[in-house]
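Coordinate inspection notes
Chain residues, written in single-letter form:
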Amino acid sequence: VHGEVACGAHRLELRTQRARRRRIGDHLAERPAACQQARLAVGGLRRGATDMARLTLVMIVVSVLLNAAAQLLLKAGTRVLGVIDVQAGALASSALGVATQPFVIGGLACYVASVAIWIAALSRVDVSIAYPMLSLGYVVNALAAWALFGEALTPAKMVGILVILAGVVILARG
């Protein structure tokens, strides 16, 4: 993001919000009384950055939850359909059954929405920060599959969930 902040006779031209906040902060330290306009600009940038960070976090979480919902809906659809026959003679019938199963259609719709929101989130944050957040989907799915489908939630899975959560917290803070 390009921009500039005018401060009395001083003009700070900066290329990124992070650099803008840092440079304006340095400028204010050098000339605290003369630069009220810049001080207001820094406050606005910090609020804007915080709002952007919140929006991005919400987008990531919504995308992850939609992705998890998609998996759960697809599983619910396969429970209704039973084992899907992929033999050459039964493939057309199986495909038609899958394509018309309401849970499967709902799962695919969740995937489409998840991908659209994910793309918007990636436009706002580094992929090295966003991508690990997808692992939260495993946590959601493991717990939901246990609650909805009676799938096993073993001690090893619980340890794995705790490791995933710890990893996400470490990455989010770094």
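The following paragraphs examine the structure supplied in this document. In this text the structure is predicted, and so the values were computed from the model without any measurement.

Observations regarding the packing of helix α6 (residues 136-149) against helix α7 (residues 155-173)
- Between α6 and α7, the shortest axis-to-axis distance is 9 Å and the interhelical angle comes to 150°. The orientation of α6 with respect to α7, classified from their angle, is roughly antiparallel. Seen along the crossing, α6 lies across α7 with a hand that is left-handed. In this structure, α6 contributes Leu136, Tyr138, Val139, Ala142 and Leu143 to the contact, and α7 contributes Lys157, Ile161, Ile164, Leu165 and Val168.
- Taken together, the residues of the contact of α6 with α7 sort by class into nine nonpolar, no polar and one charged.

Describing the nonpolar core
- Core analysis: the biggest nonpolar cluster contains eight residues, these being Met59, Ile60, Val64, Trp118, Ala121, Ala130, Met133 and Val168.
- For this core, the secondary structure elements donating two or more residues are α2 (36-81), α4 (102-122) and α5 (127-133).
- With three residues, α2 is the single largest residue contributor to this core.
- Leu72, Ala76, Ala145 and Phe149 belong to the second-largest nonpolar core, a separate cluster that totals five residues.

Rules behind the numbers
Residues numbered from 1 in each chain as written. Predicted model: local features only at pLDDT ≥ 70, side-chain atom pairs only at ≥ 80, totals over all residues. Heavy atoms only, no water. Axes fitted to C-alpha atoms, helices over the stretch in contact; angles between N-to-C directions. Helix = DSSP H or I, 4+ residues; strand = E, 2+ residues; numbered from the N terminus. Parallel < 35°, antiparallel > 145°, perpendicular 65-115°, else oblique. Left-handed = near helix turned anticlockwise from the far one by under 90°. Contact = heavy atoms within 4.5 Å. Nonpolar A, V, L, I, M, F, W, Y, C, P; charged D, E, K, R; others polar. Core = buried A, V, L, I, M, F, W, Y, C linked by side-chain atoms within 4.5 Å. Buried < 20%, exposed > 50% of the residue type's maximum accessible area, 1.4 Å probe, protein only.

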